[in-house]
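Fold and geometry: a report
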Amino acid sequence: MTTKKILGSPQANLPTMRVAARAIHWFGPMSSEDLRERLRPREYFDEPSSAIDETLTVADWLGLLHEDDSAQPKLKLGSELSNADSWFNSPSEFALTVLQRLFSEPKGTEIAELIPWFLAQDWRREVDWSHDEFARERIMNPTQANAFFDRWMVPLGLAKMSGKSPDPMKTISWLLPSLSGRYSGVAFVDRLGASLPTGPGHRLALALAVNEDAPQPGEVFSSVAFALLQLERSGRIRLIRADDAAGRDRLIFRNLADGGYTNVTHVEVDNA
Amino acid sequence: MREFDALPCWKVPVNRTVASDVGSLSDDEHPVFFATHVELPINKLKGGSGLRESADVLAEFQSELDSYTTQNTVVAVTGPSGSGKSHLVRWIQAKLSLTERHLLVYVPRHVTTLRETLELVCGQIGGEIAAQLLKQLKAAVGSVSEAQLSGQLLDALCQVLEHEPSTAGIASANMILPVGDHSRRGLPSIMRLERVRDHMLREDLTMHDLARSILGVNEGGDQERPQFEEYDLGFLEMDGLDGALDHQSRHARKLLASRKSLRSDAVELINRSVDAAVQRTLGWRDGPSLRTVFTDVRKRLAGGQLVLLFEDLALVNFVEGAILDEFANHGTATRAPLRVMFAVTDDKYTALAETIEGRVTSHFRVETLPLDEEDAGELALREEFIARHLNLARVGRAKVLEEARAGRPLPVKCGECRSQVECFNGFGSVPIDVGGQTEEVGLFPYNRVALRRAFRSLDADRRRDSRRVTARATIDRIIINGLDAVHNALTSDSMPSADVALIVDDDSFVQTRDDVLAGATGLDASMQDRIYRTRVLWMDESRETHEVAKAFGLPDMGDGGQRRDPVVPPVPPPQPAVTRSAPDFVHEVLRWVNSDDTDESLDAKADEDVRTLLVRLVTARIDLRPYLIAPSEAESKRLLGVLLGRNSFSLGGSGRTQESKLQFKLQRTSTTYRLVVGAAWLDANKDWDFGSEKASWALPKLSENWSLPVEVESFISGCAATIESAVVASITEGPDPASVADCLRNRAAAAVVDAPPENWRPVVHAAKTVCSDVGIKNAVLSFAGAVGPSSKAAVAALDVARLDKQDNMEGGEVRLTRNFPHLAELNEKFNRAVSSALPVLAEQTREAATLLADNVGGTSLQEVARLVVSAGEAANQAGFFRPEESYAAFHEACGRLANVRVPPRGIAGRLVESSLDRHVIGDAAHLLAVAGDVRLLIACCVATARAGQERANAEAGGVDARSEEDKLAKAGKAFVAALRELAEEAKR
């Protein structure tokens, strides 16, 4: 595989990446050495932490931070973070930015490959990655597994509970502010699909052949369906069940024991 | 309801038709008795072992009757009260084949008084002696009142105690009944006193009951004869008795009054004397007795058999001893043997065991009504038992007797009913054998579900009294009371009424009322109650069938009442793989939600369990890491504890409200029950796989259980999000605690200076306290810490952008105090120290600044220091540096001043204006230190210059005397001027 191995830096994590980005934005470009000292000042820390180095490495891979070419290189924010108004005070915007970078990294990352695989798993129980060939090719050991679930899936809003069960409720809720209005079911998941693999028909899932059966339009992972139902219950969205809607408009939930579908035909997002 | 023919199909009151006590049936009512006969489980315990049927018992007993052995046969039938012992004896009696060899003496349950018993026994035995006994009996009790008989019995009792007490095994007998010259004294002497006698003959005490039991009327059931109790000895407490007593009796009274164990023994002595007292009263001591009657009849029957059947031996009062004695006398060539069968309760049999165990040849035990629903045989038996009684209730006693007299088999009412098919479909039926033919009997108004619940309810009630379900209890509750209640409900269009529910409701349900009533909304409350009872008690929480709805007069819901298929089933609910039930608190919540009592609170333990569970789940869901809050650090833990606790959750108003806690109120609704079920499931299983073989327990029955994960996850996530927001608000709405802590730490560090002026020392002390306080570090790490790997991991990096914001605390002290009291306290103490020291500090600073301006003038400190250090070094080498011992300090001060930062202008004013600014504090402290160094330099320079001048004067012969102040100022200026000259010279 030519994909970058983010999990090879298992200490890398989003909160550290975010404080690094905030420090550079607040104080201006600085050397990586200077940044390390600032992030772990001696009056509060006795020892250095590999988490910072590994986080800076991954942030560099993802193009979120980069060193300039000067004689004394300084770390600067990548173009994705140039608009600090959006992410500086918003953890969710920062997470969405990272998610976007994961999927847009030209060489690809194993985390980007694992996300559609993860969302395709049964949301009811913990994922057993060690018995899944696809996952085992990308997750080398339990340390990397912990890193994947706890340091990436949870902060990216794709899991809760122990981090090992897919539930993209948070990620979808972060995307809702940009999705006000009423959509057909299929259009809605298409819009979500710009940021998130929503079902077996999504380009990322198709590329990885996560499912054996040919997906149908409107087919979503059951974990995504579960997330949509939670959002409906919390009043964030409304799932409209028009009995007379055309079959092609309805949402289909993947991984049902009976292969069933729903007659959810429209989704309404009211951000007011 | 009215669409079924002739409902209700029985007449009330039902106890006129159906008898729970077989003893109440007369001999000519055998057909009624046979109409309800079913095979109850019988265990043989002596003379063999194993399960038997009634026919086996009959066959064994009949074989003894057919034999010619002279040994007595004594068959005991035992069992709990109401189990059917008497029923079995009566059934045997009805089935026995007797010949002229046999004389049957049959004592049914309804014959219990002594007079009735003797009249019946003697009447059946016949003969001269029996006639004499009856005559004697009539003379003794025929015309006496209860009061008169009571008095006679008391006299006889005293006589027995005086002359023939049964004292075996009672160690204290001689204390209670001390031996006198001619008779025993003590207790009987006391009982003979007039006041005591009046007391003992009171109508509420046992002596009177004893008389009633000889003369009185049977009140049914397994009643035994009256027994004396300690309360009958209340006379022992009376004052003034001793004067009328001899000294032995007086001593006995004192002992009895003071020792409880003696009173207990006294009661035993009295009870042992009762039979003898009764026999004395009846004149048996001198005339014929029951014993002589038996002797006579057995002699007359020689070659034959005397057959004795007692439906309840315990009720054969006062002659029990005579009868039991007779069991020991076996037959001979001249004396007929006995063939005895008697029923008696387990407890009574145990009490008699010592006396009769050796005389009993066979022992059968009638077991309680079977309740095991898994055993098909037992279930069928139970259903047949119910069906036969239902049929009897429908047919009526008169009709049963009429058909029996006509030689026709027992009629089955359901066979004549036009609604039979509909009724059987709706309520079920049971086959019974009628004269060799199998007939179906409908279970209406019950069905199998309702019967199962009714038996469970009965069983639960009986167990509360440490009893089991017996045939009699079943008939009383389910047949007699149940059919009466249903009749009332059907005729008043309220079926099933609350009264009916009392019979059938076993207090078990798995769904909330709202779920059960799905599709039945919009009806009035009364109808909803009826539908709810029907669905729970008859349908196991499913929708009522068409037939049940018609029979009970409920509205036909049609298709509209059917629940719609789940719209969005992420995963269809599989069958539960385990059978263990949910934790107790789940059941308690369901019971609470379904309770009719709107004021009822949830059980305290369940309430505690639920709130603890919710706190646990919500806490695990809270994720503060995205907000750069480190959840494992002490301060964030503390803050979370302030906001969330068990009192955050309130079930129907439970829990103590704490202002600081966020409140999540759960109403007494089915939604809450579902939430509790789901939360308990998630907590126990850590997943949502309802069909897992590894599940801790089976999910209770819930409507649309597929939506449970959505409901529970949404609730938990919602609570977690609310708490996350509250934590963030605590940090952002007031002064940022991390920034405040970091700023405080920096100010404190700046305030610590070497050799501080006197008034600055409290500030230094406060500053050192701040710098060493772990709370400062905790606050910074807690609220500006990026936690990497997991919620329990250490802080990997600080959010230095936040720390750099330098919160000015403007107006935020109150919020800081409320949310972060320790930090606020540290801050306040430090500020107070600074404020106290500030006026003097400002003055000193002003002086220092003036001193510097006056003495240094336009020359920079660095330049002065460089010049002075050279001059001082030269003076020291020349031996006139003064004070000599200060040279080292002088040299160090010069070194510091050579690198000193120029103090900002107007430092004193700024210090007053911005006392909390760490830079100002640092600058002020710095200025004081510089001023101190300058003072030292000036002092050294003046002293050295003077020493140099003195040396020069000594060389020139004169001393210039001026005031010290002038010296200082002028010397300083001269010194500086000299230094300048030196510097000029050096440049040149």
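Note on numbering: residues in each chain are counted from 1, in written sequence order. Written order decides the labels, with chains lettered from A and ligands numbered from 1. Selection of residues for local features in this predicted model requires a pLDDT of at least 70, selection of side-chain atom pairs for listing and counting requires 80 or more, and totals for whole chains, interfaces and linings are taken over all residues. Working from all heavy atoms in the structure, the side-chain values ignore hydrogens and water.

Here's the deal with the sheet that holds strand E9 (residues 266–269) of chain A
Residue and element names in this part refer to chain A. What counts, and what does not: Strands were regarded as paired on the criterion that DSSP finds at least two bridges between them. Secondary structure follows DSSP: runs of H or I at least 4 residues long count as helices, runs of E at least 2 residues long count as strands, and numbering of each begins at the N terminus. Here, axes are lines fitted to C-alpha atoms. For helices the fit covers the stretch in contact, and angles between N-to-C directions go from 0 to 180 degrees.
Read from one edge of the open sheet, three strands run E5-E9-E7, paired in antiparallel fashion. Strands with a single pairing partner mark the edges of an open sheet, and in this sheet they are strand E5 (181–184) and strand E7 (237–240). When strand polarity is set aside, the average angle formed by the axes of neighbouring strands in this sheet is 20°. Looking at chain direction, E7 and E9 are connected through four bridges and run antiparallel.

Some words on the packing of helix H6 (residues 146–163) of chain B against helix H10 (residues 206–215) of chain B
All names here are of chain B. Here is the rule: Oblique is the label for every angle not falling under 35 degrees (roughly parallel), over 145 degrees (roughly antiparallel), or within 65 to 115 degrees (roughly perpendicular). Rotating anticlockwise by less than a right angle from the far helix to the near helix defines a left-handed crossing, while the corresponding clockwise rotation defines a right-handed one. In this description, contact between two residues means that some pair of their heavy atoms is separated by no more than 4.5 Å.
Where H6 contacts H10, the axes come no closer than 8 Å and their chain directions differ by 115°. In terms of their interaxial angle, H6 and H10 are classed as roughly perpendicular. Here H6 runs over H10; the crossing is right-handed. Contact residues: Glu146, Leu149, Ser150, Leu153, Leu154 and Leu157 in H6; Met207, His208, Leu210, Ala211, Arg212, Ile214 and Leu215 in H10.

Focus: the pairing of strand E9 (residues 437–442) of chain B
Looking along a regular strand, one sees the side chains alternate between the two faces of the sheet. Residue and element names in this part refer to chain B. Sheet analysis places strand E8 (residues 429–434) next to E9, joined by six bridges and oriented antiparallel. Each bridged residue has a counterpart across the sheet, and for Pro431 the counterpart in E9 is Glu440. Following E8, the chain reverses through two residues before pairing antiparallel with E9; Gly435 in that reversal takes a positive phi of roughly 55°.

Things to note about the sheet that holds strand E5 (residues 305–310) of chain B
Residues and elements named next belong to chain B. Taken together, seven strands build an open sheet; the order of strands is E2-E1-E7-E3-E6-E5-E4 and the sheet is mixed. Lying at the two open borders of the sheet, with one neighbouring strand each, are strand E2 (50–52) and strand E4 (102–107). Averaged over all pairs of adjacent strands, the angle between strand axes in this sheet comes to 25°, irrespective of strand direction. The pairing of E4 with E5 spans six bridges and is parallel. Residue pairing for E5: Tyr106 is matched across the bridge by Leu309.

Let's talk about the side chain of B:Arg184
Residues and elements named next belong to chain B. Put simply, the rule reads: Relative accessibility decides the category of a residue: with a 1.4 Å probe and only protein chains considered, values under 20% of the type maximum give buried, values over 50% give exposed, and everything between is partly exposed. Positive charges come from Lys and Arg alone, negative charges from Asp and Glu alone, with His and the N- and C-terminal ends not counted. What makes a salt bridge here is a side-chain nitrogen of Lys or Arg within 4 Å of a carboxyl oxygen of Asp or Glu, nothing more.
Structurally, Arg184 can be placed in the loop between helix H7 (173–176) and helix H8 (187–192). It is Glu162 that comes nearest to the buried, bridge-free Arg184 among opposite-charge side chains, at 11 Å. Dropping the residues within four chain positions of it, Arg184 is found in contact with Leu161, Glu162, Pro165, Thr167, Ala173, Asn174, Leu177, Pro178 and Val179.

Brief notes about the confidence of the model for chain B
All names here are of chain B. To keep things clear, this is the line we draw: How sure the predictor is of each residue is captured by pLDDT, a score from 0 to 100.
Taken as a whole, chain B shows an average pLDDT of 81; of its residues, 84% reach a score of 70 or greater. Within chain B, helix H26 (residues 604–621) carries the highest mean pLDDT (94), whereas helix H40 (residues 964–987) carries the lowest (48). Low pLDDT (under 50) marks residues 559–572, which in the prediction has 36 contacts with non-local residues, meaning those over four places away or in another chain. Quick note on the complex model: pTM equals 0.61, ipTM equals 0.93.

Quick word on the interface of chain A and chain B
The following threshold applies: Joining two parts hides part of their accessible area as seen by a 1.4 Å probe, and the buried area is that hidden amount summed over both. Pairs of N or O atoms are called polar contacts if they sit within 3.5 Å, as long as, within protein, a hydrogen donor faces a hydrogen acceptor (for residues adjacent in sequence, only side-chain-to-side-chain pairs). Three classes are used: nonpolar for Ala, Val, Leu, Ile, Met, Phe, Trp, Tyr, Cys and Pro, charged for Asp, Glu, Lys and Arg, and polar for all others, with Gly counted as polar.
Opposite the 45 residues of chain A that make contact, chain B presents 47 residues. In total, chain A and chain B occlude about 4,100 Å² of area from one another, counting both sides; carbon and sulfur atoms represent 63% of this. Remark: the boundary between chain A and chain B carries five salt bridges. Between A:Arg22 and B:Asp799 there is a salt bridge, and its shortest N-O distance comes to 2.9 Å. Taken together, the links from chain A to chain B amount to twelve residue pairs in polar contact (both at pLDDT 80 or more). Elements supplying a minimum of two residues to the side of chain A that touches chain B: helix H1 (14–27), helix H2 (32–39), helix H3 (50–61), helix H8 (142–153), helix H9 (169–175) and helix H12 (222–233) of chain A. Per-element tally for the side of chain A that touches chain B: the top contributor is H1(A), with eight residues. The class makeup of the residues in the side of chain A that touches chain B is 23 nonpolar, seven polar and 15 charged.

Concerning the state of the cysteines
Definition in use: Any cysteine sulfur atom paired with another within 2.5 Å is treated as part of a disulfide.
One pass over the structure, following the stated rule, counts zero disulfides over all chains. With no disulfide of its own, B:Cys9 has B:Cys414 as its nearest cysteine by sulfur position, at a separation of 6.6 Å.

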